[in-house]
Every structure is written in C-alpha cells, then in structure tokens.
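Inside the fold
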Amino acid sequence: MYINIGNDTIIRSESIIGIFDLDNCTVTQKGRDFINDKRNKIVSVTNDLPKSFIICRENDEEIIYICQYQTSVLIKRL
C-alpha cells in the first residue's frame, strides 16, 4: 500500500518506521540533534509550514520526509 504525503510524493507504507510531530520532537535537544544528524537524508515535500516528519527505510537507508500534514492526517491515510 502507498501513502500520499504531499506535493505528489508517494511512499510505501511498509517502509515507514515512524510518523512524528515536528513541533513536539524539536523541543528537546535530543530531537534537534537527531534531525541535525540526518540532515543530508532529509527530503522536504512542502512549501508550506512543516508540521510533521516521517522516517522511512528505503534501500537500507533511513530517509526523513518533512511534510505539511499533521500526524493525525497521515495516520488516517494509512
């Protein structure tokens, strides 16, 4: 099964490791450090204010998609 995460970007639902709220995760230093460590593997799929991020494992690599939708919207799409 596939999920549309915005701006014509579609990912396989089986590759999703987690869906996280961007505001809640970047409040702590650990959350900011995690995002900064994965900086070269971040794909932004929004031109609007980002609200969530999705961690996926594709081809044995972790990729983070920054998305405009709230986590509840993405979970309902699954």
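The structure contained in this document is the topic of the report that follows. Small disclaimer: the values here were computed from a predicted structure and weren't measured. (Residues numbered from 1 in each chain as written. Predicted model: local features only at pLDDT ≥ 70, side-chain atom pairs only at ≥ 80, totals over all residues. Heavy atoms only, no water.)

**Details of the overall build of the protein**
Broken down by element type, the protein carries three helices and six strands. The helix and strand sequence of the protein, counted from the amino end, reads β-β-β-α-α-β-β-β-α. In terms of overall dimensions, the protein is globule-like: its C-alpha atoms have a radius of gyration of 12 Å, near the 12 Å expected for 78 residues. Expressed along its principal axes, the backbone C-alpha trace of the protein runs to roughly 35 × 25 × 20 Å. Put simply, of all contacts in the protein between residues at least 6 apart along the chain, 48% involve residues at least 24 apart. (Helix = DSSP H or I, 4+ residues; strand = E, 2+ residues; numbered from the N terminus. Rg over C-alpha atoms; globule rule 2.2 N^0.38 Å. Contact = heavy atoms within 4.5 Å.)

**Considering the nonpolar core**
Residues Ile-3, Ile-5, Ile-11, Ile-16, Ile-19, Val-45, Ile-54, Cys-56, Ile-63, Tyr-65, Cys-67 and Leu-74 constitute the largest nonpolar core, which totals 12 residues. Among the elements of the structure, strand E1 (2-6), strand E3 (16-21), strand E5 (52-58) and strand E6 (61-67) are those that each provide at least two residues to this core. Among the elements that take part in this core, E6 stands out by supplying three residues, more than any other. Excluding residues that lie within four positions of it along the chain, Ile-16 makes contacts with Ile-3, Ile-11, Ile-54, Ile-55, Cys-56 and Leu-78. (Core = buried A, V, L, I, M, F, W, Y, C linked by side-chain atoms within 4.5 Å. Buried < 20%, exposed > 50% of the residue type's maximum accessible area, 1.4 Å probe, protein only.)

**Digging into the state of the cysteines**
If you walk through the whole model with that rule in mind, you get zero disulfides. Cysteine Cys-67 remains unbridged, with the sulfur of Cys-56 as its closest cysteine sulfur at 11 Å. Relative accessible area serves as the criterion here: at 0%, Cys-67 is assigned to the buried category. (Disulfide = S-S within 2.5 Å.)

**Structural notes on the environment of Arg-77**
Following the sequence through the fold, Arg-77 ends up in helix H3 (residues 71-77). Taking relative accessible area as the criterion, Arg-77 reaches 36% and is therefore assigned partly exposed. Separated by 57 residues in sequence, Arg-77 and Phe-20 place their C-alpha atoms 15 Å apart. For Arg-77, the residues in contact, after removing those within four places along its chain, are Ile-3, Asn-4 and Tyr-69. Engagement of the side chain of Arg-77 in a polar contact is seen with the backbone oxygen of Asn-4, the distance being 2.6 Å. (Polar contact = N/O pair within 3.5 Å; in protein donor to acceptor, adjacent residues only side chain to side chain.)

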